Amino acid sequence: MIEALKLSKVFPASKKSKEVRAVNAISFYCKPGEIYGLLGANGAGKTTTLRMLATILEPTSGTAKVAGYDIVEEPEKVRANVGFLSTATALYGRLSAKELVEYFGRLHGMDGDALHKSVDGLFTALDMNSFRDRRCEKLSTGMKQKVSIARTLVHDPQVMVFDEPTVGLDVMAARAIARFIRECRERGKTVIFSTHVMSEAAKLCDRIGIIHGGNILEEGTLEALRARHGKQDLEDIFVEAVGEEL
């Protein structure tokens, strides 16, 4: 599971900018077989939070446990159990789809039959065999996203982190990502998902944390949030929680 414990991130002041407290001592948890959604506007602290959980950024204070491992004290073990997916994740254009997924498998210590079995299984499950030997720079947006999914799953991580994975995608590609996120939950994986799209959060998340200014202001199931605010529309709930118009 994921358990954040007073997790904070402060970016120090520079000659051109003031100190920024991007995440302010937030605590929350996400259980196996659950999708926890971090819902917030751009700049709310979503990406910073997820990057700390994935050990891409080191927290200023506080910590988190991911799959039983501390992100500060055991980052390598955390990375071995996490799959991180974002539309900002770049692919190596000169590698074929198969070569790229195999490369990420090797980064996670896989080789031999275990690696080949995982890659072949993913390419079949994601219907990727028709372009497995095509260079990534020659792939369509949808194909590239499938390659990103495959390289995220190749080591069969128990925790999945999705940082606004549908931004910039067309409707069909976004639907494919949503379906993949649901499949992760059905397989018993722990899933945390960030978005600023209200409809995505309403459809996908078992529990929602509304984050604003680096603070989690509200948390609960959609039904609980509706009961608490007396509103049905998640956008109305969000605006009331943050206290300002979008």
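In this text the structure is predicted, and so the values were computed from the model without any measurement.

Asks: Is there a simple way to explain the overall build of the protein in this structure?
Replies: Tallying secondary structure elements over the protein gives nine helices and 10 strands in all. Taking 2.2 N^0.38 as the reference for a compact globule, 246 residues should give roughly 18 Å; the C-alpha atoms of the protein span a radius of gyration of 18 Å, in line with that estimate. With the principal axes as the frame, the protein shows a C-alpha extent of 50 × 40 × 35 Å. The proportion of buried residues among the 246 residues of the protein is 47%. Across the protein, every contact between residues at least 6 apart in sequence was considered, and the portion connecting residues at least 24 apart equals 65%. Both charge centroids of the protein, one from 34 positive and one from 33 negative side chains, sit 4 Å from each other.

Asks: Which parts of the structure should I look at to understand the state of the cysteines?
Replies: Note on terminology: a disulfide is the covalent bond linking the sulfur atoms of two cysteines. On inspection of all chains with the given rule, the structure shows zero disulfides. No disulfide involves Cys205; its sulfur sits 9.4 Å from the nearest other cysteine sulfur, which is in Cys30.

Asks: Whenever I open this one, the sheet that holds strand β6 (residues 82-86) confuses me. Can you help?
Replies: Picture the strands of a sheet paired through backbone hydrogen bonds; they go either parallel or antiparallel. Taken in spatial order, the six strands make up an open sheet running β6-β7-β8-β3-β9-β10, and their pairing is mixed. Two strands lie at the open edges of the sheet, namely β6 and β10 (215-220), each paired on one side alone. Taking the axes of each pair of neighbouring strands and ignoring which way they run, one obtains an average angle of 15 degrees across the sheet. Both β6 and strand β7 (residues 159-163) contribute to a ladder of five bridges, which runs parallel. Paired with Val82 across the strands is Val159, a residue of β7. Lying on the sheet, helix α6 (residues 171-186) is in contact with β3 (35-39), β6, β7 and β8 (190-195); it crosses β7 at an angle near 155 degrees. Set on the sheet, helix α9 (residues 234-242) makes contact with β3, β9 (207-212) and β10; between it and β9 the angle comes to about 40 degrees.

Reading guide: rules and limits
- Residues numbered from 1 in each chain as written.
- Predicted model: local features only at pLDDT ≥ 70, side-chain atom pairs only at ≥ 80, totals over all residues.
- Heavy atoms only, no water.
- Helix = DSSP H or I, 4+ residues; strand = E, 2+ residues; numbered from the N terminus.
- Rg over C-alpha atoms; globule rule 2.2 N^0.38 Å.
- Buried < 20%, exposed > 50% of the residue type's maximum accessible area, 1.4 Å probe, protein only.
- Contact = heavy atoms within 4.5 Å.
- Lys, Arg positive; Asp, Glu negative; His and termini not counted.
- Charge placed at Lys NZ, Arg CZ, Asp CG, Glu CD.
- Disulfide = S-S within 2.5 Å.
- Pairing = 2+ DSSP bridges.
- Axes fitted to C-alpha atoms, helices over the stretch in contact; angles between N-to-C directions.

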